[in-house]
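Geometric and topological summary
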Amino acid sequence: MRLADWLSLRLKSWAGGGGPFGGHATLTDGLVSVWPLSEDGFDVVDGNDLTNNNAVTFVAKGAGAPANMPATVANFVQASSQYFSLAADQLSVELFSGFTYATWIYYDAAMTGDAASGAWNGSRGWNGYGINGAGVRTPRLYFFGNGENEFVDAGTVADDTWHLIVYDWDGSNIGISVNGGTRTTVAHPTAVDDTGIALSFGRSADAAGYLLGKQSSPMIWSRALTAGERTDLYASGDGLFY
């Protein structure tokens, strides 16, 4: 990623906001990567730039989008198998003590069903983020590996509107919450060896399903966010963005 591109993205997102996440006191703690998905697959935190597969395009965020969201967002065409990807072992985060993956997602009503994003570890288990059941919009966090395989669902969410989905693991439980709401959890006390994980946005972990809709600002932390931080990140629907 060129320095000029990095600076341009930062200046646009910080304008009038007092710094990353509007100057929030703790949301930069443990922050690993942020991909605005407003111009390309640039990571504005740590240089973990994504590869654009099958020509994902960028469109206006549309009416009713969060006020603080970047003006343009990634638009995925399911029939074209479009997605962003990050090579195995490129992401500088380990899942041994905790993590959070948060993203803004807009599901098109015509989507026939599966993915928002996922991660695949071929040798030591599956760690999937945002896998959706066929025919419904049910954000699901899979946390498979080391002999303990669990998942947690957020329930079906509405089509044709933006949602902030937050997936996490705090060392004891995997959790998921929507739009700053109550965190639904399932016990999972065992860490998963994340060696070799390859990350993708716009398709499921097993590449069986692709997103029809839009996505903005996927973010990863090396810790579980607190309830207050999840609420702050949603910001009553306006969102806090890097």
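Placed above this text is the structure.
These lines cover the structure that appears in this document, whether it is placed above or below. Note that the coordinates shown come from a computational prediction; the quantities given were computed from them, not determined experimentally.

Digging into the overall build of the chain
- Looking only at helices and strands, the chain has two helices and 15 strands in total.
- Across the 242 residues in the chain, those meeting the buried criterion constitute 51%.
- For the chain, the share of sequence-separated contacts (at least 6 apart) that also reach a separation of at least 24 residues comes to 66%.
- Accessible area for the chain stands at about 9,300 Å²; split by element, carbon and sulfur atoms hold 51% of it.

Quick look at helix H2 (residues 227–234)
- Among the residues of H2, those classed as buried are Glu229, Arg230 and Leu233. Down the axis of H2, the smallest arc covering the buried residues is 100°, so these residues share one side.
- Positioned one or two residues after H2, Ala235 has a phi angle of 50°, which is positive.

Re the packing of aromatic side chains
- Applying the stated rule across the entire model yields eleven aromatic pairs.
- Geometrically, the ring pair formed by Trp104 and Tyr234 is stacked, given 5.9 Å between the ring centres and 20° between the ring planes. Of this pair, Trp104 sits in strand S6 (residues 99–107) while Tyr234 sits in helix H2; the two residues are 130 residues apart in sequence, bridging distant segments of the chain.
- By relative accessible area, Trp104 is classed as buried at 1%.
- By way of ring pairs, the aromatic residues Trp35, Tyr101, Tyr167 and Phe201 are connected into one cluster.
- In this arrangement the basic side chain of Arg203 is found over the ring face of Tyr83, its NZ or CZ atom lying 3.9 Å from the centre.
- The ring of Tyr106 has Lys214 lying over it, and the distance from NZ or CZ to the ring centre is 4.2 Å.

Structural notes on the pattern of salt bridges
- Tallied over the full model, the rule gives four salt bridges.
- Salt-bridge contacts for Arg183 lead to Asp168; the nearest nitrogen and oxygen are separated by 2.6 Å. You can see Arg183 sitting in the loop between strand S12 (173–178) and strand S13 (184–187) and its partner Asp168 sitting in strand S11 (residues 162–169), a full 15 residues away along the chain.
- Several salt bridges share partner residues, and in doing so they unite Asp168, Asp170, Arg183 and Arg230 into one network.

Considering the side chain of Glu229
- Along the chain, Glu229 falls in helix H2.
- Taking relative accessible area as the criterion, Glu229 reaches 5% and is therefore assigned buried.
- One polar contact links the side chain of Glu229 to the main-chain amide nitrogen of Thr226, over a distance of 2.8 Å.
- Ignoring any residue separated from it by four or fewer positions in sequence, one finds Glu229 in contact with His24, Thr26, Leu27 and Arg223.

Here is what the cut-offs are and how they apply
Residues numbered from 1 in each chain as written. Predicted model: local features only at pLDDT ≥ 70, side-chain atom pairs only at ≥ 80, totals over all residues. Heavy atoms only, no water. Helix = DSSP H or I, 4+ residues; strand = E, 2+ residues; numbered from the N terminus. Buried < 20%, exposed > 50% of the residue type's maximum accessible area, 1.4 Å probe, protein only. Contact = heavy atoms within 4.5 Å. Areas by Shrake-Rupley, 256 points an atom, 1.4 Å probe, with all protein chains shown as cover. Arc of directions from axis to C-beta. Phe/Tyr/Trp six-rings, centres within 6.5 Å; stacked < 30°, edge-to-face > 60°. Lys NZ or Arg CZ within 6 Å of the ring centre and 35° of its normal. Salt bridge = Lys/Arg side-chain N within 4 Å of Asp/Glu carboxyl O. Polar contact = N/O pair within 3.5 Å; in protein donor to acceptor, adjacent residues only side chain to side chain.

Don't take any of this as a statement about function, it's just geometry.
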